Structure formats: C-alpha cells, structure tokens
Amino acid sequence: MDKGSLQKQIDSLRYQLRVEKVPLSKTLQELKRYIQENEQADPLIHPPDKKNNPWAEKGKCTVI
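Computed from a predicted model, the values in this text were never measured in an experiment.

Criteria and cut-off values
- Residues numbered from 1 in each chain as written.
- Predicted model: local features only at pLDDT ≥ 70, side-chain atom pairs only at ≥ 80, totals over all residues.
- Heavy atoms only, no water.
- Helix = DSSP H or I, 4+ residues; strand = E, 2+ residues; numbered from the N terminus.
- Rg over C-alpha atoms; globule rule 2.2 N^0.38 Å.
- Buried < 20%, exposed > 50% of the residue type's maximum accessible area, 1.4 Å probe, protein only.
- Areas by Shrake-Rupley, 256 points an atom, 1.4 Å probe, with all protein chains shown as cover.
- Lys, Arg positive; Asp, Glu negative; His and termini not counted.
- Charge placed at Lys NZ, Arg CZ, Asp CG, Glu CD.
- Patch = residues over 30% accessible without salt bridge, like charges linked within 9 Å, V, L, I, M, F, W, Y side chains within 5 Å.
- Salt bridge = Lys/Arg side-chain N within 4 Å of Asp/Glu carboxyl O.

Attention now moves to the overall build of the chain. In terms of regular secondary structure, the chain is built from 2 helices and 0 strands. Against the globule reference of 11 Å for 64 residues, the chain gives a C-alpha radius of gyration of 25 Å, more extended than a compact globule. Buried positions account for 0% of the 64 residues belonging to the chain. Working note: accessible area of the chain is about 7000 Å², and carbon and sulfur atoms make up 59% of it. The chain carries 12 positive and 9 negative side-chain charges, and their two centres are separated by 3 Å.

What follows is the structure, encoded as structure tokens:
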C-alpha cells in the first residue's frame, strides 16, 4: 500500500470516530413517530382523488 491510500484510510477512520452513535432503540422510536405523524399526507398510502390528478390518463389506448 502506498502512502496516499493509507492516509485516505486513516482520514476515513477518523471521520467514522467523529460520527455520533445513537442507540437503535431510540432511532426506531423516532422513525415510528415520524411515520405516524406523516402517514395522512403520504400519497402512496392515501392516493389523491383521480379527478384532481393532472397526470392521470384521460382515455384508453387504441390501435389504429
């Protein structure tokens, strides 16, 4: 290994040491709370009315 690649590895390890570690139990609670708060506004769970959707197909595809 050359000096440049070793320096990159050292810098990467130093960066990883500075990253704040959060317990998984706390992270999961926050994720669950976020999902519950934003569930009503999620268009994948509650799709918008088709009448108000400008991208909805207006008709069927026909072959001439």
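Now that the structure is up, let's keep going.
Okay, a nonpolar patch on the surface next. Among the surface-exposed residues, L24, L28, L31, Y34 and I35 lie close enough to one another that they form a single nonpolar patch of about 540 Å² accessible area. Along the chain, the position of L24 falls in helix α2 (residues 24-38). Residue classification places L24 among the exposed positions, given a relative accessible area of 60%.

So, on to the environment of K50. By secondary structure assignment, the location of K50 is in the segment after α2. A relative accessible area of 71% means that K50 is categorised as exposed.

The next subject is the environment of I45. Structurally, the position occupied by I45 is in the segment after α2. For I45 and L24, which are 21 residues apart along the polypeptide, the C-alpha to C-alpha distance reads 26 Å.

This is a description of form; function is not addressed.
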